Amino acid sequence: MNAAIQLYERSLTAINTPIPRIVKEDDIVIRVSHSSLCKMDVRVIKGEIKVTKPVIAGRQLSGTVYAAGSNVQHIKVGDRVVVNPRSPPKYADRYCRRNQSHLSDECNICNDIGIAKNGGWSEYCRVSANQVYLLPPEVSEDIAPLCDSVSSVIHTWNKLENVPCDARILVCGAGMSGLLWISYLHFRGFREIVVCEPAEVRRRVAAGLDLGYEVVHPTKLDIYGRDDKLAFDIIIDTSGDGDAIQDALPKFRRGGKLIIFNYGLINTEIKLNPYDIVTKELTVIGSSGNPLTFAQAIAVVRDMANTYFNLEKLGVRVYKLRDYNLALSSILRMEITQAIFLVAHFVI
């Protein structure tokens, strides 16, 4: 049997189901080793992202190949793999033809595993072969679920052009997205970084990464708007907080770029003066996930793993899957930034 955690109508239930079988020629069944409870999973559980039928939760997972369809060529049984929760489009629409396939309706987050299809909070998970990637030896299976979030960071970074090496960058929010951003920026060689976070526990985690960055409370930001030398070339918001974004806007240098990196902004509004946009030549960049940067993310995680991805320092805690309620409570209380589930030998 396949022990799993099912989500329906904002309720999580431990269930036993049959082990998934190969149905299509490009199916892969994975014996799950580790899966994640991230901020997006919390939004799904809360009902902010609609789940229309009972589904096994969990968008981010890693494990080993248990079975593979006859058309699968790039992966074999026994391989260590990581799964992209978002499948590339099957059909070429107008966005695909413009090389913007991540904007296709098929790539909407509502079609991800763990939302529209069974996900990784289970011993076994069936996914399409085009979502499965071989893990490099340098990437452990407990770190591998972070590849999805790193993929979103890289997609956003790829939208920036000609960022000078001495750019001053403000990162708003020190949850997992913010921590991955500042780690990636340090990896890329940027040192003029300020991290803004209202929660003391998260400021401690950000400072504990020992990247040499300033980590401040939002009330300390005023000084950065008084002097162009201290102002910012790029502001990256990972908080989803309209007030935080609004407070950061006066801290831009001319030519500044604002990155909105959060799905939790449905009812949030900010005011941006068109005169400032023109005279300062400001740019606003929105960024969602992109399945086409997943392979690049795996390579980056491989190169960053030893130096940057210590789970304890990132505020990540490992739980057994049966302790999913405890993990969820810890995230909601901001005791941790993310949970990684050890799925192997999960028994209800």
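Scroll up to find the structure this text is about.
These remarks concern the structure in this document. (Residues numbered from 1 in each chain as written. Predicted model: local features only at pLDDT ≥ 70, side-chain atom pairs only at ≥ 80, totals over all residues. Heavy atoms only, no water.)

## Overview of the layout of surface pockets
Thinking step 1. Taken as a whole, the second largest pocket spans an internal volume of roughly 660 Å³.
Thinking step 2. For the lining of the second largest pocket, the secondary-structure elements that each account for two or more residues are strand S1 (2-8), strand S2 (11-17) and strand S7 (124-128).
Thinking step 3. Grouping the constituent residues of the lining of the second largest pocket by class yields 11 nonpolar, 11 polar and 8 charged. (1 Å grid on protein atoms, 1.4 Å probe; cavity = no way out; pocket = protein on both sides within 12 Å on 5 of 7 lines; lining within 4 Å. Points joined across faces, edges and corners; volume = space filled by probe spheres on them. Helix = DSSP H or I, 4+ residues; strand = E, 2+ residues; numbered from the N terminus. Nonpolar A, V, L, I, M, F, W, Y, C, P; charged D, E, K, R; others polar.)

## A closer look at the environment of Met40
Thinking step 1. Note that Met40 resides in helix H1 (residues 39-46).
Thinking step 2. Overall, the relative accessible area of 12% leaves Met40 in the buried class.
Thinking step 3. With 19 residues separating them along the chain, Met40 and Arg59 place their C-alpha atoms 8.4 Å apart. (Buried < 20%, exposed > 50% of the residue type's maximum accessible area, 1.4 Å probe, protein only.)

## What to know about the pairing of strand S16 (residues 338-342)
Thinking step 1. For S16, the tally of buried residues reaches 4 of 5 residues, placing the bulk of the element in the interior.
Thinking step 2. Two strands pair when backbone bridges link them, and strand S15 (residues 316-320) and S16 are joined in this way by 5 bridges, in the parallel orientation. Paired with Tyr319 across the two strands is Phe341, which belongs to S16.
Thinking step 3. In terms of handedness, the path from S15 via helix H9 (residues 324-332) over to S16 forms a crossover that is right-handed. (Pairing = 2+ DSSP bridges. Right-handed = clockwise from strand over helix to strand, strands pointing away.)

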